[in-house]
Amino acid sequence: MVQSADYIYKKIKEEDLLSLAFNKLKEVGSEKFPLVCTGHSLGGGTAAILAILLREEYPDITCYAFSPPGGLLSEDAMLASQSFMTSVVVGKDIVPRIGLNQLETLRLQLMEEIKNSKQSKWKTIAHSFSCCSNISTLEENLDPMLGSPFI
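Residues numbered from 1 in each chain as written. Predicted model: local features only at pLDDT ≥ 70, side-chain atom pairs only at ≥ 80, totals over all residues. Heavy atoms only, no water.

A few words on the pairing of strand S1 (residues 36–40). Side chains Cys37 and Gly39 project from S1 onto a buried face, and the interleaved Val36, Thr38 and His40 project onto a face without burial. Chirality of the crossover, the property in question, places the unit of S1, helix H3 (residues 42–54) and strand S2 (residues 62–66) among those that are right-handed. (Buried < 20%, exposed > 50% of the residue type's maximum accessible area, 1.4 Å probe, protein only. Helix = DSSP H or I, 4+ residues; strand = E, 2+ residues; numbered from the N terminus. Right-handed = clockwise from strand over helix to strand, strands pointing away.)

Moving on to helix H1 (residues 2–14). Here H1 contains 13 residues, and its C-alpha end-to-end distance of 18 Å stays within 8% of the 18 Å for a straight helix at 1.5 Å per residue. Directly beyond the C-terminal end of H1, a positive phi value near 50 degrees is found at Asp16. (Expected span 1.5 Å × (residues − 1).)

Counting 18 residues, the largest nonpolar core has Leu18, Leu35, Cys37, Leu54, Tyr58, Ile61 and Cys63 as its most contacted members. Here the element with the most residues in this core is H3; it accounts for six residues. With residues near it in sequence (within four places) discarded, Cys37 still touches Ala47, Leu50, Ala51, Leu54, Ile61, Thr62, Cys63 and Tyr64. (Core = buried A, V, L, I, M, F, W, Y, C linked by side-chain atoms within 4.5 Å. Contact = heavy atoms within 4.5 Å.)

On to the layout of surface pockets, then. Empty space within the largest pocket amounts to approximately 330 Å³. Lining the largest pocket we find 17 residues, and of these Pro68, Pro69, Leu73, Met78 and Ser87 sit closest to its centre. Broken down by class, the residue content of the lining of the largest pocket amounts to ten nonpolar, six polar and one charged. Of the volumes computed, that of the second largest pocket is approximately 170 Å³. Sort the elements by how many residues they give to the lining of the second largest pocket and helix H5 (residues 100–116) lands first, with three residues. In terms of residue class, the lining of the second largest pocket is built from ten nonpolar, two polar and no charged. (1 Å grid on protein atoms, 1.4 Å probe; cavity = no way out; pocket = protein on both sides within 12 Å on 5 of 7 lines; lining within 4 Å. Points joined across faces, edges and corners; volume = space filled by probe spheres on them. Nonpolar A, V, L, I, M, F, W, Y, C, P; charged D, E, K, R; others polar.)

Set out below in structure tokens:
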């Protein structure tokens, strides 16, 4: 997300894209339009970082981040961005609710469980997805010439 925001920021600066946008339709007052960054999930995180990067030059910038990843900003950055950034989280979406430490712990625990499992790794992974939980149906539908990765 940081790399994406940095890439977008550099592209905006190099090609003077915001000046072009604000001056495109002066007859309708485009130079007075507010600058808004928005995105969903990883795009929400990217929008948040981009808004921070643009804030010095565009102090009236606003950011709406829909379900951005949790733990994205430090506490100091979060407090400094409260005045221009709004995050929206809907329902039980786990992405914005989990911090980096919890995500790393989950990854390590999953890797340990897969490593210690006596069951085929493909079966273990496939059972974690609701679309793939019926392994016997999947195995029956595989091309016999290709073999089954589930055995």
